[in-house]
Amino acid sequence: MRSPRLRTRLLLLALLAGLTAPAPATAAAAEAPPAPTVEEQRLDRAAPREILRRSGFDAVAPEFARALDRARSFAQARRVVVREGSRLWRRAVDRAQGRGPAGGDLSRDDDRPLYWARLALTRELRLRQPGFAVDARQRAALVDALEDTSRGRTDIRLRRASDGVRRVLLTGFDPFTLDRDVRISNPSGASALALDGTVIETADGPARVETVVFPVRWQDFTDGAVERTLRPVLPRVDLFTTVSQGRVGRFDIERTNGAWRGGFPDNDNVGRTETIPVPDPASQPQWTTTTLPYARIVAADTGRFPVYDNTSVTEIPAGGTAPVVRPDGPTPGSTARAGGGGDYLSNEIAYRATLLRDRLGLHDRLPGGHVHTPVLQFGAGNTDPATGAVTDPEFVRNRLDIIAQVRAILRAAAEGS
């Protein structure tokens, strides 16, 4: 038995220990939310806010935040993210194709509401502290789920080949070079929204188009976003084309793609200069080639912009040290420094998609390659990024004409393969 004095002393020691010991930190307290990305920070500029307001997409993020606030677990939050990401993609596609309310006076063909609304949602996910414990890995998983669903990756609907409808896959890109002009639109992304789920009538029968939009970020490509999206799809389609914005006033069918990143900054202002990192680098070729029927596409009357079969590349010749431009394609044993589509993510998606096609054993039976659209330009009196309007009639006309010509190029490709 302890004496009363001893028991009192032990009790005091226990109380003091309880007062000085640190309280156990919860996972939510231990994981402070990260800062917004460079892309997300541009949301606070005037032009993105106007684009969201004039399309009705300014309500998307507040609604998303309220739904997240009702989640009481990671599983519930993930269900919210998947639902709202899918809804955002369908809303953008429906708007582009004339279904439902326009939500404002911005033309329906505009790809920018989807881009800026998606960033508003990822910023909510990145910064919001939910009412349950969430660590960095779980937060990243929620952002990944939003990216997948809001870019159309989970919405690809491929029918069976036996139904007589040919299956076509088209990929586009987000706007980019936004620090040069934050008003920029990307006609490849606009084409993806306008064509998703549509049927093109060809001389060989109907062809149904499914689309996806990719980010302009080196890290996503390093992490395998292209391969994860396309690997289950390429064996089931009859034609694919990756599409991006290229040169002023012309379309290009890029004949050759190179295994090199040239370092131009992406939408997070990150540059990468290196060989394109792919699985099994020991068997990685320096070059891949299109299997699109480029001669037929170039010869077809597809629209007001000229279409070129672009065969030029930049290489370091075998045994050489300096880059050389080759107008007629690479020479044997050379090292890639730029494909026909350059050394940015346009070239990289073309390289990755065609390399995957070849590694899946589809080179001889699956037409696929890259199409560069003309640069989408504002009207002649609307060229100052600081004072210019976010849209104008010539800007809209140019985008609509590019979208129509992408559709006509797909028709020519489907009929020639």
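Residues numbered from 1 in each chain as written. Predicted model: local features only at pLDDT ≥ 70, side-chain atom pairs only at ≥ 80, totals over all residues. Heavy atoms only, no water.

### Overview of the overall build of the protein chain
The line we're drawing: Think of it this way: any DSSP run of H or I at least four residues long counts as a helix, any run of E at least two long counts as a strand, and we number them from the N terminus. Buried, partly exposed and exposed residues are distinguished by accessible area as a fraction of the type maximum, computed with a 1.4 Å probe on protein chains only: under 20%, between the cut-offs, and over 50%, respectively. Note on contacts: a residue pair qualifies if any of its non-hydrogen atoms lie within 4.5 Å across the two residues. The Shrake-Rupley method, run with a 1.4 Å probe, gives the accessible areas here. Residue values count only the displayed protein chains as cover.
For the protein chain, the count of helices and strands is 14 helices and 14 strands. For the protein chain, the spread of C-alpha atoms along the three principal axes comes to 105 × 55 × 50 Å. Buried positions account for 51% of the 417 residues belonging to the protein chain. Of all intrachain contacts in the protein chain linking residues separated by at least 6 positions in sequence, the fraction that spans at least 24 positions is 76%. Entry remark: accessible area of the protein chain is about 18300 Å², with carbon and sulfur atoms responsible for 54%.

### Describing the nonpolar core
Here is the rule: The definition of a nonpolar core used throughout is a set of buried Ala, Val, Leu, Ile, Met, Phe, Trp, Tyr and Cys residues joined through side-chain atoms within 4.5 Å.
Among the nonpolar cores identified, the biggest contains 66 residues, and Val81, Trp116, Leu125, Leu170, Phe251 and Ile297 are the most heavily contacted of them. With sequence-adjacent residues up to four places away left out, Trp116 is seen in contact with Glu39, Arg42, Leu43, Pro48, Ile51, Leu52, Leu178 and Val182.

### Let's talk about the confidence of the model for the protein chain
Regions with low pLDDT should not have their predicted coordinates read in detail. Selection rule: On a scale of 0 to 100, pLDDT captures the predictor's confidence in every residue.
Per-residue pLDDT for the protein chain has a mean of 92; in total, 92% of the residues score no lower than 70. Ignoring residues within four places in sequence, the model shows residues 1–30, a span with pLDDT below 50, making eight contacts including any to other chains.

### Section: the pattern of salt bridges
Note the threshold: By convention in these notes, a salt bridge is any Lys or Arg side-chain nitrogen within 4 Å of a carboxyl oxygen on Asp or Glu.
Scanning the entire structure with this criterion turns up 41 salt bridges. Residue Glu50 pairs with Arg54 through a salt bridge whose shortest N-O separation is 2.8 Å. In this structure Arg54 comes out as buried when scored by relative accessible area, which is 18%. Here Arg153 and Asp148 are joined by a salt bridge, their closest N and O atoms 2.8 Å apart. Taken together, the shared-partner salt bridges in this structure form one network comprising Glu39, Arg118, Glu147, Arg151, Asp174, Arg217 and Asp220.

### Side note on the sheet that holds strand β11 (residues 313–316)
Let me state the cut-off plainly: By definition, two strands form a pair when at least two bridges between them are found by DSSP. All axes are obtained by fitting lines to C-alpha atoms, using only the stretch in contact for helices, and the reported angles, taken between N-to-C directions, cover 0 to 180 degrees.
Ordered by their spatial adjacency, three strands build an open sheet running β12-β11-β13, and the pairing between neighbours is antiparallel. Two strands close off the open sheet at either side, each with one partner strand: β12 (324–326) and β13 (335–338). Neighbour-to-neighbour, the strand axes of the sheet open up by a mean angle of 45°, direction not taken into account. For β11 and β13, the ladder comprises three bridges, and the chain directions are antiparallel.

### Description of the side chain of Thr288
For clarity, the cut-off: Two N or O atoms form a polar contact when they lie within 3.5 Å of each other; inside protein one atom must be a possible hydrogen donor and the other a possible acceptor, and for residues adjacent in sequence the pair counts only when both atoms belong to side chains.
By the element assignment, Thr288 lies in strand β9 (residues 287–289). At 2.6 Å, the side chain of Thr288 forms a polar contact with the side chain of Thr354. Those residues in contact with Thr288 that sit more than four places away from it in its chain are Arg255, Thr256, Asn257, Ala350, Tyr351, Thr354 and Leu355.

### Description of the pairing of strand β14 (residues 368–373)
Two faces make up the sheet, and in a regular strand the side chains alternate between them. Of all the six residues making up β14, six are buried; the element is thus mostly covered by neighbouring parts of the structure. Here six bridges tie strand β4 (residues 239–245) to β14, and the two strands are oriented parallel to one another. Each residue of the ladder has a partner; that of Ser244, found in β14, is His372. For strand β5 (residues 251–254) and β14, the ladder comprises three bridges, and the chain directions are antiparallel. Bridging across to β14, Asp252 finds its partner in His372.

### A word on empty space enclosed by the protein
Using a probe with the size of a water molecule, rolled over the atoms, empty space left in the structure can be pinpointed. Using the following cut-off: Throughout, the protein atoms alone are placed on a 1 Å grid, and a set of points is a cavity if a 1.4 Å probe fits but cannot get out or a pocket if it is open with protein on both sides within 12 Å along at least five of seven lines; lining residues have an atom within 4 Å of a point. Grid points are joined across faces, edges and corners, and a volume is the space filled by probe spheres set on the points. Residue classes follow a fixed rule: Ala, Val, Leu, Ile, Met, Phe, Trp, Tyr, Cys and Pro count as nonpolar, while Asp, Glu, Lys and Arg count as charged, and any other residue, Gly among them, counts as polar.
Counted by the stated rule, this structure contains four cavities of 30 Å³ or more. If you add up the space inside the largest cavity, you get close to 100 Å³. Secondary-structure elements contributing two or more residues to the lining of the largest cavity are α5 (60–69), α7 (112–127) and α8 (136–150). Here the residues of the lining of the largest cavity are counted per class, giving seven nonpolar, no polar and four charged.

### Considerations on helix α13 (residues 345–359)
Defined as follows: To estimate how far a helix should extend, the number of its residues minus one is multiplied by 1.5 Å.
Helix length check: α13, at 15 residues, gives a terminal C-alpha distance of 20 Å against a target of 21 Å (1.5 Å per residue), a fit within 8%. Within α13, 13 of the 15 residues are buried, which leaves the element mostly enclosed by the surrounding structure. Looking one or two residues past α13, Gly361 carries a phi angle of roughly 75°, positive in sign.

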